[in-house]
Amino acid sequence: MTKKVKVSFMIVVWSIVAIQIFINYRQNMNQTVTAFSVVDDSVSEEIIKGYGYFETMQLGDVSRKKMLENLAGKLGITDGYTFSSGEGDGFTKTILTKESKKATTVLQIVSLYDEPDISGVPEQYIAVEITTSAGSKQAVELYNKVKRIYADMGLESQVSLEIDADRRGNYVETQGQGIFEDIFKAVKARKVDDIMSNGICTVYGYTRSEENYLTLNGKKVNIQIVLTYDEDKDTTYIKIGMPIVNSSY
């Protein structure tokens, strides 16, 4: 299959809106929504990130933009977006950005080269980042939609969902009890490990209702809760990640 045919094929595939929703998917989504609703009244932000390998090939500017436009269309974005580009040692990228009242969506095609001078045939990666304040239900729906889009494209990917929230009181000194227990119960998760370090409490769990997972000390992990306490504000800041928290803490 030539490069032109391959790109054209992917563009056609992305333009087909035919995603079947199975009963078990709906059940798993409802469990996840229930879990995050434990802190829904204090959620400040939800972040969905995805990263997947596409192909080793050359892509022109027109093809890059068309691919990003079709990816945006799968997410319901049809207008009001902007394009930009960037480059550095060994990489170039084309970026589509859409800002709305409740969400900022950034889609990228990133080309990674073996040489710093950007020569040769690059590996192409497709990245998605959506930052929203629409609530846990909409965030979980977006998280599952991004996973399905990567699957529809036939790409191996890593997709994560992170929710930032806060709650009055010190939950670090109790190692998250009263928070992680309710969340784990909602998604039928078991605790895998907990770590206390430098005033930060981290709890790891695993649930069969979420297919993505990482391995920690030989054990499967696909939900992580990080708690930090601000004594001046008497507030515990909460990060909940599936399968893991990706931002700094």
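Engineer: For the overall build of the chain, give the residues involved together with the corresponding values.
Structural biologist: A count of helices and strands for the chain gives five helices and 12 strands. For the chain, buried positions account for 45% of its 249 residues. Sequence-distant contacts in the chain: of pairs separated by 6 or more residues, those separated by 24 or more amount to 62%. A total of about 13,000 Å² of accessible surface is found on the chain, and carbon and sulfur atoms cover 47% of it.

Engineer: Would you mind going over the pattern of salt bridges in detail, with residue names and values included?
Structural biologist: As enumerated under the stated definition, the model contains six salt bridges in all. In this structure, the salt-bridge partner of E210 is K147, at a minimum N-O distance of 3.2 Å. Of this pair, E210 sits in the loop between strand 8 (200-206) and strand 9 (214-216) while K147 sits in helix 4 (residues 136-152); the two residues are 63 residues apart in sequence, bridging distant segments of the chain. When the shortest N-O distance is used, the salt bridge between E211 and K147 registers 3.4 Å. Linking E211 in the loop between strand 8 and strand 9 with K147 in helix 4, this pair joins segments that are 64 residues apart in sequence. Taking the relative accessible area as the measure of exposure, E211 reaches 52% and is therefore exposed. Owing to a relative accessible area of 11%, K147 belongs among the buried residues under this scheme. A single salt-bridge network, built from bridges that share partners, covers K147, E210 and E211.

Engineer: Could you give me a rundown of the side chain of S209, with the residues and numbers involved?
Structural biologist: Structurally, S209 can be placed in the loop between strand 8 and strand 9. Residue S209 is classed as buried on the basis of its relative accessible area of 10%. There is a polar contact of 2.8 Å between the side chain of S209 and the side chain of T207.

Engineer: How would you explain the packing of aromatic side chains if you had to name every residue and give the values?
Structural biologist: All told, the structure shown has five aromatic pairs when counted by the stated rule. A ring pair is formed by Y81 and F83, whose centres lie 5.8 Å apart and whose planes are at 80°; its orientation type is edge-to-face. Clustering of aromatic rings is evident, with ring pairs tying together Y51, Y53 and Y125. Looking at R167, its charged tip hangs above the ring of Y171, at a distance of 5.7 Å from the centre.

Engineer: Just give me the short version of a positive patch on the surface, but keep the residues and values in it.
Structural biologist: A contiguous patch of positive charge, built from R190, R208, K219 and K220, is present on the exposed surface. Locating R208 in the fold gives a position in the loop between strand 8 and strand 9. Here R208 falls in the exposed class, since its relative accessible area comes to 78%.

Engineer: Mind laying out the nonpolar core, listing which residues take part and the relevant values?
Structural biologist: Grouped together as the largest cluster of nonpolar side chains are 43 residues, with contacts concentrated most on I48, L107, V146, Y150, F184 and I225. Broken down by element, the residue count for this core peaks at six residues, all from helix 4. Setting aside its immediate chain neighbours within four residues, I225 contacts F180, I183, F184, C201, T202, V203, I238, K239 and I240.

Engineer: Could you give an account of a negative patch on the surface, with specific residues and numbers?
Structural biologist: A surface patch of negative charge is lined by D114, E115, D117 and E123. You can see D117 is positioned in the loop between strand 4 (103-112) and strand 5 (123-132).

Engineer: Residue-level account of the environment of K220, with values.
Structural biologist: Examined against the element boundaries, K220 turns out to sit in strand 10 (residues 219-221). On the basis of relative accessibility, which here comes to 36%, the residue K220 falls in the partly exposed class. Sequence separation between K220 and Y204 is 16 residues, and the spatial gap between their C-alpha atoms is 9.4 Å. Filtering out sequence-adjacent residues up to four positions away, K220 remains in contact with V192, G205, Y206, Y213 and L214.

Criteria and cut-off values
Residues numbered from 1 in each chain as written. Predicted model: local features only at pLDDT ≥ 70, side-chain atom pairs only at ≥ 80, totals over all residues. Heavy atoms only, no water. Helix = DSSP H or I, 4+ residues; strand = E, 2+ residues; numbered from the N terminus. Buried < 20%, exposed > 50% of the residue type's maximum accessible area, 1.4 Å probe, protein only. Contact = heavy atoms within 4.5 Å. Areas by Shrake-Rupley, 256 points an atom, 1.4 Å probe, with all protein chains shown as cover. Salt bridge = Lys/Arg side-chain N within 4 Å of Asp/Glu carboxyl O. Polar contact = N/O pair within 3.5 Å; in protein donor to acceptor, adjacent residues only side chain to side chain. Phe/Tyr/Trp six-rings, centres within 6.5 Å; stacked < 30°, edge-to-face > 60°. Lys NZ or Arg CZ within 6 Å of the ring centre and 35° of its normal. Patch = residues over 30% accessible without salt bridge, like charges linked within 9 Å, V, L, I, M, F, W, Y side chains within 5 Å. Lys, Arg positive; Asp, Glu negative; His and termini not counted. Charge placed at Lys NZ, Arg CZ, Asp CG, Glu CD. Core = buried A, V, L, I, M, F, W, Y, C linked by side-chain atoms within 4.5 Å.

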